[in-house]
Amino acid sequence: MADSPKPGSNPGADPELLKLRDQIDAVDQQLLELLNRRATLASEVGELKKKEGSVVFRPEREAQVINGVKARNAGPLKSDSVAPIWREIMSACRALETPTRVAYLGPAGTFSEQAALGFFGSSIVQVPCTSIDEVFRTTTAGAADFGVVPVENSTEGVVARSLDLFLSTPLFIIGETSLFVRHNLLRRENSLDDIQAVCAHPQALAQCHGWLSTHLPHAERRPVSSNAEGARLASLDKRLAGIASERAGSEYGLHLVAPAIQDDAHNRTRFAIVTHPDRHPAPKASGNDCISLVVSVTNKPGAVHDMLVPLKERGVSMTRFESRPARSGQWEYYFYIDLQGHPDQPHVAQALRELREACAFFKLLGTYPLDSH
């Protein structure tokens, strides 16, 4: 009697194809062995960190690892594909040491959730929150190790609530990530007919203003706490539509009625990774860093100019400058500023000292590696 074929084999397959598949299986086995070896080494590092009392997650170290891998990548894998693979590897290794709890604007399917998974990897304990305020409260109280909050959109500008909360909470920024935001119209019915209201976060409604005006001019635009919440409401009522990610559509069983309805084809949102300074130190220099701060100056002629002079004289580049009303009733403003560099650099440290002296109010919001995605 002839030998039975191996389980999963295909007797009629091309011998060359079978040979290549065998080689892939062998490489997969080698990869698994190497990954477990890396995990063992990471666990040993974790034990040393415990003895030293140092933190498990170091954003500057992970940024250096990913940038190094991308620099050494010879292909054919694209560097943009290599980076998320290494993030997942580091996430899985980190989870062996201690679970990382991450708060973000929920429910399931939001862009904030996507940003959290993209930055920390999937081996985390997810803590979805009902509002940006709750993300700050949860992280401040220690119910989450880190929070992920949107701070800026390439179409609509700053997320004002996030900026305001930086003033009233002790949290500071230890990382950032940006996300390509693709808005989709989702609905129980696979049609644009008879839509009475479109539910989404106010930012998403604004980012899709042109498309909605053209295709659904008579539909109500109903602001809700998150895009995923809009998708959830749309799943309960066929007269409603939501604007959200494809993941949210899958989560709530909705049809993707119209894809990519954002007015800006290159629409991106920037997220800040925040934590409490008592639980996590400021990241050390990675070689490609950003400093975020908020300041105010006395209301007198030339005050803003005088504030910026130290940056020019010390050769420190400013990459963002936003103003927000101080709500004092005196027409005063807070200025949110991003600078290139790290306080460990002498010229940057000197510029910060001189800037602090020129300001009536000065708060360092964080020093962190720039997004390496």
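For the structure, see preceding data.
Keep in mind it's a predicted model, so treat the numbers as computed, not measured.

Digging into the overall build of the chain
(1) Moving on: Scanning the chain for helices and strands turns up twelve helices and 15 strands.
(2) Moving on: Counting all 373 residues of the chain, 45% fall into the buried class.
(3) Moving on: Sequence separation of 24 or more characterises 76% of the internal contacts of the chain that already satisfy a separation of 6 or more.
(4) Moving on: Summed over all atoms, the accessible surface of the chain reaches about 19300 Å², with 53% contributed by carbon and sulfur.
(5) Moving on: Taken as two groups, the 40 positive and 44 negative side-chain charges of the chain have centres that lie 3 Å from each other.

Focus: the environment of Thr130
(1) Moving on: Note that Thr130 resides in the loop between strand E2 (125-129) and helix H5 (132-141).
(2) Moving on: With a relative accessible area of 55%, Thr130 lands in the exposed category.
(3) Moving on: Here the alpha-carbon distance between Thr130 and Thr298, two residues 168 residues apart in the chain, equals 37 Å.
(4) Moving on: With near-sequence residues (within four places) excluded, Thr130 lies in contact with Leu105 and Ser225.
(5) Moving on: Of note is the side chain of Thr130, whose polar atom sits 2.5 Å from the side chain of Glu134.

Overview of the sheet that holds strand E8 (residues 220-223)
(1) Moving on: Pairing is mixed across the open sheet formed by five strands, whose spatial order is E8-E7-E9-E6-E10. In this open sheet, the two strands that pair with only one neighbour each are E8 and strand E10 (255-258). Taking the axes of each pair of neighbouring strands and ignoring which way they run, one obtains an average angle of 35 degrees across the sheet.
(2) Moving on: The sheet contact formed by strand E6 (residues 184-187) and E10 spans three bridges and is antiparallel. Looking at the pairing, Leu185 lines up with Ala258 of E10.

Some thoughts on the side chain of Thr269
(1) Moving on: Structurally, Thr269 is set in strand E11 (residues 268-275).
(2) Moving on: Relative accessible area serves as the criterion here: at 10%, Thr269 is assigned to the buried category.
(3) Moving on: Of note is the side chain of Thr269, whose polar atom sits 2.9 Å from the side chain of Asn153.
(4) Moving on: Other than its neighbours up to four places away in sequence, Thr269 contacts Pro150, Glu152, Asn153, Thr177, Ser178, Leu179 and Val181.

Digging into the pairing of strand E14 (residues 333-340)
(1) Moving on: Of all eight residues in E14, six are buried, a share of seventy percent or more.
(2) Moving on: As paired strands, strand E12 (residues 289-296) and E14 are joined by six bridges and run antiparallel to one another. Considered in E14, the bridge of Ile291 is made with Leu339.

Quick look at the state of the cysteines
(1) Moving on: What the rule picks out here adds up to zero disulfides.
(2) Moving on: Here Cys199 stays unpaired: no disulfide links it, and the sulfur of Cys208, its closest cysteine neighbor, is 13 Å away.

Some remarks on unusual backbone geometry
(1) Moving on: In the segment running from Gly75 into Pro76, the intervening peptide bond is cis, with an omega of 10 degrees.
(2) Moving on: By the element assignment, Pro76 lies in the loop between helix H2 (59-72) and helix H3 (79-97).
(3) Moving on: The residue after Gly106, namely Pro107, is reached through a cis peptide bond having omega 0 degrees.
(4) Moving on: Of note, Pro107 is situated in the loop between strand E1 (101-105) and helix H4 (111-120).
(5) Moving on: Residues other than glycine seldom take positive phi values, yet Asp194 does so here, at roughly 60 degrees.
(6) Moving on: Along the chain, Asp194 turns up in the loop between E6 and strand E7 (197-200).
(7) Moving on: With a relative accessible area of 66%, Asp194 lands in the exposed category.

Re the packing of aromatic side chains
(1) Moving on: A complete count under the given rule lists eight aromatic pairs for this structure.
(2) Moving on: For the pair Phe57 and Phe120, a centre-to-centre distance of 5.3 Å together with 45 degrees between the ring planes defines the contact as tilted. Pair noted here: Phe57 is in the loop between helix H1 (15-52) and H2 and Phe120 is in helix H4, with a separation of 63 residues, a long-range link. The same class applies to Phe57 as to Phe120, namely buried.
(3) Moving on: Ring geometry for Phe120 and Phe146: centres 5.2 Å apart, planes at 40 degrees, overall tilted. You can see Phe120 sitting in helix H4 and its partner Phe146 sitting in strand E3 (residues 146-153), a full 26 residues away along the chain.
(4) Moving on: Look at Phe120 and you get buried, because its relative accessible area is 0%.

Thoughts on the packing of H5 against helix H6 (residues 160-168)
(1) Moving on: Close contact between H5 and H6 brings their axes to 10 Å; oriented N to C, the two are set at 30 degrees. In terms of orientation, H5 and H6 fall into the roughly parallel class. Pair H5 / H6 crosses with right-handed handedness. Residues Ile132, Asp133 and Phe136 of H5 pack against Arg161, Ser162, Leu165 and Phe166 of H6.
(2) Moving on: Looking at side-chain class alone, the contact of H5 with H6 contains four nonpolar, one polar and two charged residues.

Thresholds applied
- Residues numbered from 1 in each chain as written.
- Predicted model: local features only at pLDDT ≥ 70, side-chain atom pairs only at ≥ 80, totals over all residues.
- Heavy atoms only, no water.
- Helix = DSSP H or I, 4+ residues; strand = E, 2+ residues; numbered from the N terminus.
- Buried < 20%, exposed > 50% of the residue type's maximum accessible area, 1.4 Å probe, protein only.
- Contact = heavy atoms within 4.5 Å.
- Areas by Shrake-Rupley, 256 points an atom, 1.4 Å probe, with all protein chains shown as cover.
- Lys, Arg positive; Asp, Glu negative; His and termini not counted.
- Charge placed at Lys NZ, Arg CZ, Asp CG, Glu CD.
- Polar contact = N/O pair within 3.5 Å; in protein donor to acceptor, adjacent residues only side chain to side chain.
- Pairing = 2+ DSSP bridges.
- Axes fitted to C-alpha atoms, helices over the stretch in contact; angles between N-to-C directions.
- Disulfide = S-S within 2.5 Å.
- Phe/Tyr/Trp six-rings, centres within 6.5 Å; stacked < 30°, edge-to-face > 60°.
- Parallel < 35°, antiparallel > 145°, perpendicular 65-115°, else oblique.
- Left-handed = near helix turned anticlockwise from the far one by under 90°.
- Nonpolar A, V, L, I, M, F, W, Y, C, P; charged D, E, K, R; others polar.

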